[in-house]
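Understanding the architecture of this molecule
Chain by chain, the residues:
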Amino acid sequence: MKKTLIAVAALAATGAFAQNVTVSGTMDATYRSGKTETAAGVATNTNKIGKDGIGTTGFTLSGNEDLGGGMKAVFLVETNFDGTDTANQNSVLNGQMFVGLEGGFGSIKLGAPNSPSLTVQSSRGGSFSTKDGGRLAPGAGGYTTLMGVAVTRFDNSVNYTTPNFGGFSAGVTYAPKSDDGATPAIGALTDIGGFYSNGPIAAGVSIYNQEFSGAGNKQALTSYYVTYDFKFAKFGLGGHAYKADNATVNVTDNSSIGALAEVPLSTALTLSVNLQKLDDKGAADVDSTMMAVGVQYALSKRTTVYARYVSQTANTDLSAGTTVKTASTMLAGLRHNF
């Protein structure tokens, strides 16, 4: 009986390895202390244990199968959740998901793969990425992101990524237009990106366009970044231009520019600084500026402790007294990758 069980276990393990199936993930919890103050001087303080200070908590199941001739079938299922709140886990299947093919032609993925604009926005934030102090801002002036709109991934989409040609690559995500269901004419959307990475230089630009219900309702976002690694420090610049064609798209036209610096203080300790300034092109003209500084210390290859401070200020000269004029977040946390 024992020999039979061992044989079954060995066969299962061999099959799993042959299919190259991998389970990985991240747990990230952080203490957050935040403060906001309106143009009328009303202050609010919040303190909590939260999630995802520098990483996204969740599990990832991925794998591939060798089809021969240099081609592979691939799949990925990412399940994100809040590791600090057991009462609200109603929607955990909200990460990247796809099935696809990879080969000398590049890769094609169907489902809900990450977008080219996500790569650009993450790179704009540097070590802050899409988290606090990167794409995510405290919210002064009503802006919870100073990168236009958050472009992460799209349901019912297909992504094609080219091979790397001497450091150059490109990708495009497309979702077709649909006229069925309760909300007609959602889509079509395209997100196109071009990238370069070779030696100390990395750069990218993306152009995202999406239609909405009704004639003429659409939005467009162009994003870009460039970084240069001098070894003693890495510096970068990035920006965007966002435009919505009418009021159905509930975000004001805006643009921004930002700068980042990442300084390795030791083999384990890194200092990061990010500065972004947004130009609000709406009638209220509530411009916003965000500054973030943080440190990360690697306890091991998988475990990191971190702390950061993020401050955002809005120009509220033309706004109502309830508009948030200043907002700040101080956090310290622990991330473990597995």
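Everything here concerns the structure above.
Below or above, wherever it landed, is the structure these notes cover.

Quick notes on the rules
- Residues numbered from 1 in each chain as written.
- Predicted model: local features only at pLDDT ≥ 70, side-chain atom pairs only at ≥ 80, totals over all residues.
- Heavy atoms only, no water.
- 1 Å grid on protein atoms, 1.4 Å probe; cavity = no way out; pocket = protein on both sides within 12 Å on 5 of 7 lines; lining within 4 Å.
- Points joined across faces, edges and corners; volume = space filled by probe spheres on them.
- Nonpolar A, V, L, I, M, F, W, Y, C, P; charged D, E, K, R; others polar.
- Helix = DSSP H or I, 4+ residues; strand = E, 2+ residues; numbered from the N terminus.
- Phe/Tyr/Trp six-rings, centres within 6.5 Å; stacked < 30°, edge-to-face > 60°.
- Buried < 20%, exposed > 50% of the residue type's maximum accessible area, 1.4 Å probe, protein only.

1. A look at the layout of surface pockets
If a probe the size of a water molecule is rolled over the atoms, the empty space left behind becomes visible. In this structure, the second largest pocket spans a volume of roughly 260 Å³. Forming the boundary of the second largest pocket are 17 residues, of which Pro116, Thr119, Asn159, Thr161 and Phe195 lie nearest the centre. Looking at side-chain class alone, the lining of the second largest pocket contains six nonpolar, 10 polar and one charged residues.

2. Thoughts on empty space enclosed by the protein
Applying the stated criterion to the full structure yields one cavity of 30 Å³ or more. Estimates place the volume of the largest cavity at around 40 Å³. Around the largest cavity sit Arg124, Leu237, Gly238, Gly258, Ala259, Leu260, Asn274 and Gln276, which together line it. Residue assignment for the lining of the largest cavity shows that the elements contributing at least two residues are β12 (234-244), β13 (254-264) and β14 (269-280). The element that contributes the greatest number of residues to the lining of the largest cavity is β13, accounting for three residues.

3. Let's talk about the packing of aromatic side chains
Tallied over the full model, the rule gives eight aromatic pairs. Centre to centre, the rings of Tyr228 and Phe230 are 4.6 Å apart; their planes meet at 50°, and the pair counts as tilted. Looking at Tyr228, the relative accessible area reads 34%, which means it is partly exposed. Classification of Phe230 by relative accessible area gives partly exposed; the value is 43%. Taken together through their ring pairs, the aromatic side chains of Tyr228, Phe230, Phe232 and Phe235 make up a single cluster.

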